[in-house]
Amino acid sequence: EIPLGNVQINKQLAVEIQNMGGQFCDEAFINEHSIEIQLPFIKQYFPNAQIVPVLIGGSNYTSIRNIIEHYWNNQKIGFIISSDLSHFRNRQEALRIDNTTADMIENLLPDNMIPDQACGYKAICSLVSFAKEYGFSLIRVGITDSSEKSGDETSVVGYGCWFLAENNKIDFLKEHFSNIILNLAKISIKSQIEKINLKVENYPRALETKTASFVTLKTGENLRGCIGTIIPSEPLVVNICKNARNAAFNDPRFTPVQENELGNIQLSVSLLSSPTKMIFNDEDDLLSQIQPQIDGLIIKDVGRQAVFLPEVWNLIPEKKDFLNSLKQKAGLSPSWFSNTFEAYKFTASYII
């Protein structure tokens, strides 16, 4: 019962969930108000919806993941996973903790989350685990804390919001934000030439997700600069601007881009997935795991390292030649291999 009217319980669904390992316990809701906070929003946007309120206590988060999985394809059922983030820290400490939590959510790393990060961390882990299993992504809407309204930065509660997309992160970012990403790269280069202090504002918060990228500049068919990162260590909005400027002005293979060239330069951006370490017994085993035209490759050994983006397959279509050329780029001989040889693969989405 809320001021907007009564919200009905779906008793049939509640029984089904109980049979999947849950239990009815009205007492659990006496001092827990998180469900009530959701009800006005549900009543406003879905006035006839019936709900099943679920609290997670000592159960393993996989039990909730299994419930999500069981009902996911039913278009009449939706899920709200609700929790505060950090509690009663000063704002600087809360930002540090909440950004760590955000990285774990967005990079689908549920197993190391702890109660200090979120009181409902098990609920969050259940959703993250489900997304990871199905190759989905969790996209940031925003992160804030209570001081935004109270003004008190000495003891804050953190909040964040994400939604689940049924594709991977880099494909989602390409589909919905390509024009913004390309424009960020272009204005970064232009502002440097015009000696303007670039201040990026009013961008979608999804671009705060830590994502690695490469920015490539071409004049006709000729490369004019290409700089990027392979590890997602900073927000994409920062990474794009930095890589664009470095590609234009700090690629050691080329002289800095001049203002009179801007009209003739074609700019493209590659968004990279997080690298996955490959496990292999020998070089043939390594080659058997590489997917031409799909995988980018990073190799490391004896203090040497090199990377090829997936687009290099257009120039070197054979797997053996691809790997040998990458070895040479790292300063190794094509025949080099050792028991300390490391390889990581990743995918990329291209924005042109």
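Our structure's up above, just so we're on the same page.
What counts, and at which threshold
- Residues numbered from 1 in each chain as written.
- Predicted model: local features only at pLDDT ≥ 70, side-chain atom pairs only at ≥ 80, totals over all residues.
- Heavy atoms only, no water.
- 1 Å grid on protein atoms, 1.4 Å probe; cavity = no way out; pocket = protein on both sides within 12 Å on 5 of 7 lines; lining within 4 Å.
- Points joined across faces, edges and corners; volume = space filled by probe spheres on them.
- Nonpolar A, V, L, I, M, F, W, Y, C, P; charged D, E, K, R; others polar.
- Helix = DSSP H or I, 4+ residues; strand = E, 2+ residues; numbered from the N terminus.
- Buried < 20%, exposed > 50% of the residue type's maximum accessible area, 1.4 Å probe, protein only.
- Core = buried A, V, L, I, M, F, W, Y, C linked by side-chain atoms within 4.5 Å.
- Contact = heavy atoms within 4.5 Å.
- Phe/Tyr/Trp six-rings, centres within 6.5 Å; stacked < 30°, edge-to-face > 60°.
- Salt bridge = Lys/Arg side-chain N within 4 Å of Asp/Glu carboxyl O.
- Arc of directions from axis to C-beta.
- Polar contact = N/O pair within 3.5 Å; in protein donor to acceptor, adjacent residues only side chain to side chain.
- Pairing = 2+ DSSP bridges.
- Axes fitted to C-alpha atoms, helices over the stretch in contact; angles between N-to-C directions.
- Parallel < 35°, antiparallel > 145°, perpendicular 65-115°, else oblique.
- Left-handed = near helix turned anticlockwise from the far one by under 90°.

S.K.: Go over the layout of surface pockets, please, and point to the residues and values.
M.R.: In this structure, the second largest pocket spans a volume of roughly 970 Å³. Along the walls of the second largest pocket sit 33 residues, with Q23, F29, P53, V54 and L55 positioned nearest its centre. For the lining of the second largest pocket, the residue count by class is 19 nonpolar, ten polar and four charged.

S.K.: Residue-level account of the environment of G263, with values.
M.R.: Mapped onto the elements, G263 comes out in the loop between α8 (236-249) and β8 (265-272). A residue is classified by how much of its surface remains accessible, and G263, at 74% relative accessible area, is exposed. Distance from G263 to D285, taken between C-alpha atoms, is 47 Å for residues 22 residues apart in sequence.

S.K.: Break down the nonpolar core for me, with residues and values.
M.R.: Generally speaking, nonpolar side chains in soluble globular proteins are found buried as a group. I181, L207, L217, V269 and L271 are the most contacted members of the largest nonpolar core, which totals 31 residues. Among the secondary structure elements, those contributing two or more residues to this core are α7 (169-193), β6 (212-219), α8 and β8. At ten residues, α7 tops the list of elements feeding residues into this core. Leave out the neighbours within four places in its chain, and L271 touches I170, L173, K174, I181, A212, S213, L236, I240, T347, A348, S349 and I351. Membership of the second largest hydrophobic core comes to 25 residues, among which are I17, M104, W162 and L164.

S.K.: Go over the packing of aromatic side chains, please, and point to the residues and values.
M.R.: In the structure shown here, the tally under the stated rule is twelve aromatic pairs. Residues F130 and Y134 carry aromatic rings whose centres are separated by 4.9 Å and whose planes lie at 40° to one another, so their mutual orientation is tilted. In this pair, F130 and Y134 are both assigned in helix α5 (residues 121-134), four residues apart and thus about one turn of the helix distant. Here Y134 falls in the partly exposed class, since its relative accessible area comes to 38%. Through pairs of rings, three or more aromatic residues link up here, namely W72, F79, F130, Y134 and F136.

S.K.: Let's hear about the pattern of salt bridges: which residues, and what values?
M.R.: Enumeration over the complete set of coordinates arrives at 18 salt bridges. The shortest N-O distance in the salt bridge between R91 and E153 comes to 3.7 Å. In this pair, R91 sits in helix α4 (residues 91-106) while E153 sits in the loop between α6 (147-150) and β5 (156-165), placing the two residues 62 residues apart along the sequence. Connected through shared salt-bridge partners, R89, E93, R96 and D116 make up one network.

S.K.: Quick rundown of helix α1 (residues 11-19)? Include the residues and the values.
M.R.: Residues of α1 that are buried include every one of L13, A14 and I17, and no others. End-on, the buried residues of α1 take up no more than an arc of 105°, which puts them together on one face. Those residues of α1 that are exposed and aimed more than 90 degrees away from the buried face are K11, Q12 and N19. The secondary structure elements touched by the buried residues of α1 are α3 (61-71). Between a side-chain oxygen at the N-terminus of α1 and the backbone nitrogen of Q12 the separation is 3.4 Å; the capping residue is N10.

S.K.: Pulling in residues and values, what's your account of the sheet that holds strand β13 (residues 348-351)?
M.R.: Strand order in the open sheet formed by four strands is β7-β6-β8-β13, with antiparallel pairing between adjacent strands. Unpaired on one side and paired on the other, β7 (222-228) and β13 mark the two borders of the sheet. Sheet twist, expressed as the mean angle between neighbouring strand axes with direction ignored, is 20°. The pairing of β8 with β13 spans four bridges and is antiparallel.

S.K.: Tell me about the sheet that holds strand β9 (residues 276-277), and name the residues and values.
M.R.: The four strands lie next to each other as β9-β12-β10-β11, forming an open sheet whose pairing is antiparallel. Taken across any chain shown, the strands that pair with only one partner, and hence form the sheet edges, are β9 and β11 (304-308). Bridge count for strand β10 (residues 296-301) against strand β12 (residues 342-346) is five bridges, and the pairing is antiparallel. Residue pairing for β12: G296 is matched across the bridge by F346. Most of the contacts of helix α10 (residues 319-329) go to β11, to which it runs at about 135°, and overall it touches β10 and β11.

S.K.: Please provide a residue-by-residue account of the packing of α7 against α8, values included.
M.R.: Where α7 contacts α8, the two axes come as close as 8 Å, and the packing angle between them is 45°. When the interaxial angle is binned, α7 and α8 end up oblique. The interaxial crossing formed by α7 with α8 has right-handed handedness. Residues L173, I181, L184, A185, S188, I189, Q192 and I193 of α7 form the contact with α8, whose own contacting residues are L236, V237, I240, C241, A244, R245, A248 and F249.

S.K.: Now, about α10: what can you tell me, with residues and values included?
M.R.: Along an α-helix, a turn takes 3.6 residues, which lines up residues three or four apart on a common side. Within α10, burial applies to F322, L323, N324, L326 and K327. On its buried face, α10 sits against α9 (283-288), β10 and β11. Backbone geometry just downstream of α10 places G331 in the positive-phi region, at approximately 85°.

S.K.: Go over the pairing of β7, please, and point to the residues and values.
M.R.: In this structure, β6 lies alongside β7, joined through six bridges in antiparallel fashion. Of the residues in β7, the one forming a bridge with T219 is N222. Hairpin connection from β6 to β7: two residues lie between these consecutive antiparallel strands, with G220 at a positive phi of about 65°.

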